[in-house]
Every structure is written in structure tokens, then in C-alpha cells.
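Listed below, chain by chain, are the residues.
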Amino acid sequence: MGTKKAREMIKGKRVTVVGYLKSAIDIAAECAEANDTDHPCTMVVRTKHWIIPDYFAWGIHISLLYLNRFAELLIHKPGEGFLLWIMATLLAPLRWLFSKFAESYYSIPMKKYDMVPDHSLFEALAACLVAIEPKGFYKRLEEGSIVLKKSKTFTFCKEGVLVEGESSPIKSDVVIFGTGFRGDQKIKDIFTSEYFRSIAVGDTSTTVPLYRECIHPKIPQLAVLGYSESIANLYTSELRAKWLAHFLDGGIRLPTVTAMQNDVLEWEKYMKRYAGRYFRRSCIGVLHIWYNDQLCRDMGCNPRRKKGFFADLFGIYGPGDYAELRPKED
């Protein structure tokens, strides 16, 4: 639906949005802008999330805390050696301190509405479950053009939506689900064979088994780009596309099936350790440099994208560092 038609659909309507993450808060903000306090937009919040105004906490850009090689030294990594394991173990309190520092700032507006999440900001970043506040979101909450209703479940009724703990329904003309989608199910639905459907995405106790977050060890003809998220999905997908193209050109030889499965398990341990209940999202957000290093080495490229020891250790890694990446020609 185009912007104009969507605006016409919600104009003058009592809209209820189910969800409280990226899509949901964007939709709610649009509804509030269209209808103001005349017809407040109600959000049914099942899980509290970190909705932050920007990437600055107490004047410090949080990329300095999470998006450089030093920050990754505080995290246990897939396939790490003994020295890196020791460093991650000893520096773990510093990682906790970084998270609490940022949380102390971002939680200020959330406390007013009892919306501070139960999980840490670090866990949210590790699961790619942090959303940037649409312009004026908290202002809309204060003025009443957006209303929050916390409820784990809801049901429909003739007048609209019933939520836990309230006898009166939320009167609604339109209900919009901003709850995301099941990416693993989309992968599974590619296949008609029951065997391939059973192995394509694993089960709910595992991550989706993709080597380098791209290729299924048991279905090497299947490459998936975009399921695993990162801090910036576009550039990560571009890097994966370059890696895949180099593989298809014969520039990369895949390890044995067993070696690929072991690598997948190493990444699964990392995701379960840091992303908690959201491990199945396969997010590489707080370990994107370590992951990109692996892709670079596979393609014969230098993974060190900055000049100088301190620049490489403390500098923020982002899309610009990989803009000129070219796989090594055989």
C-alpha cells in the first residue's frame, strides 16, 4: 500500500497497532501524525523493547562501546583461541559496565511509562532488537496521541480489541499487526520435500544452520542472503553477496560437511549465550567485525580495514570500511 492510500485508510480512524518494535512504532507514529489526539493510536505491547532516540548516551556515541575491535574483545567468539577466551572472561565486567552506562541514559523516558525492558541493552543489540525512536515518539506518548496498553494476549470483539486486565474494549476501526514475520518459515516453504523441509531451518532449539550465515551444510545448492541480521543489513548482505559470487566463481572451496556443521554450532553457542531467548534471529550485530573478518579471509582480502594499530583497535567499523573490498583473483 502506497503512502497516500495508507494515510487515507487511517485518517479519522481509531487505530490499534499490535507490537512494539521497528514496524509497529513507525506505524503508530504515522497514525498519531494523521489523527493527533482526536483519535489516539493504541499500541498493544506484548514485550517491552529498547526504543532509543539516537545513538548517543550521555554525549557518547554508543558505537564506541560496541562497534569496534576492542568491544569485541569483551565477548566470547566462535572459534576463539585460549588467549581470546581469557581476555573475554577477564573483561566481561567492562562489557556489563558499558551496557549499564548506556541503559542509565536510555531508560529515562521509558521509566515514565513503565516500559524499561526486562532484558539488557547489550542482549537487545546482540539480538538486533533495538529500534530508533521515530521523531517525536515520546512526545506523542506525553500528549496522548499514542497510548500504550501492556498485555501478553488480546482478543477481538465487536467493538475492537480486549486486552488483559481491562473489562472495556479498546474501540478500534482498524487493527494493524506490526509483529514482523517468520523468516525461517519462508525458507522452509521453498521446499516441497519433507526431508528438506525438516532440515532446512533446524528446530526451535537450534539456530538456522547456515555456514557463514549463507550456505546450508547439507544443501550446498541453497544460499540464503538476509536471514541473519547485523547492525546494517544492506552492507552485510552486500558483503555476503560478494562472498557468494566469489564462491560461485570457484574462488572459495567449502570445508567438509562436518566442518561446516561444527562452525554452525560454534556460532549457535555464541548466539544462545548473548542473545538469550532471541538466539534464533541469528544476529551478528555485536560481533560483526569478527564475522566480516571470516568473509574477508575466505576471499583472500585483508580483514584489517584501518591504518594503524590503535585506529584498527578502537576505530568504529562500518559500511565505509568495506566499500572498496575486492575478492582476490586466483
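Heads up: the structure comes first, above all this text.
In what follows, the accompanying structure is described. Going along each chain's sequence as written, the residues are numbered from 1 onward. For a predicted model such as this one, the threshold for reporting local features is a pLDDT of at least 70, and the threshold for listing and counting side-chain atom pairs is 80 or more; totals across whole chains, interfaces and linings nevertheless cover every residue. To obtain the side-chain values, all non-hydrogen atoms of the structure were included, while hydrogens and water were left out.

## Describing the sheet that holds strand S10 (residues 170-171)
Read across the sheet, 3 strands follow the order S8-S9-S10 without closing on themselves; strand pairing throughout is antiparallel. Only two strands of the sheet have a single neighbouring strand rather than two, namely strand S8 (154-156) and S10. Pairs of strands are assigned from DSSP output, requiring at least two bridges between the strands. To qualify as a helix, a DSSP run of H or I must reach at least 4 residues; to qualify as a strand, a run of E must reach at least 2; elements of each kind are numbered from the N terminus. Strand direction decides the pairing type here: strand S9 (residues 160-163) and S10, joined by 2 bridges, are antiparallel. Residue pairing in the sheet places Val161 in a bridge with Ile170 of S10.

## Remarks on empty space enclosed by the protein
For cavity detection a 1 Å grid was placed over the protein atoms alone, and a set of points counts as a cavity when a 1.4 Å probe fits there but cannot get out; an open set counts as a pocket when protein lies on both sides within 12 Å along at least five of seven lines, with lining residues being those that have an atom within 4 Å of a point. Grid points are joined across faces, edges and corners, and a volume is the space filled by probe spheres set on the points. According to the stated counting rule, one finds 2 cavities of 30 Å³ or more in the structure shown. Lining the largest cavity, in full, are Leu65, Tyr66, Ala71, Leu74, Ile75, Arg95, Phe98, Phe122 and Val286. Mapped onto the lining of the largest cavity, the elements with two or more residues apiece are helix H3 (63-66) and helix H5 (82-111). Charged means Asp, Glu, Lys or Arg here, nonpolar means Ala, Val, Leu, Ile, Met, Phe, Trp, Tyr, Cys or Pro, and polar covers whatever is left, Gly included. Per-class residue counts for the lining of the largest cavity are 8 nonpolar, no polar and 1 charged. Size it by volume and the second largest cavity reaches roughly 30 Å³. As for the second largest cavity, its lining consists of Thr207, Val208, Leu210, Glu213, Val264, Trp267, Met271 and Ser282. Here the residues of the lining of the second largest cavity sort into 5 nonpolar, 2 polar and 1 charged.

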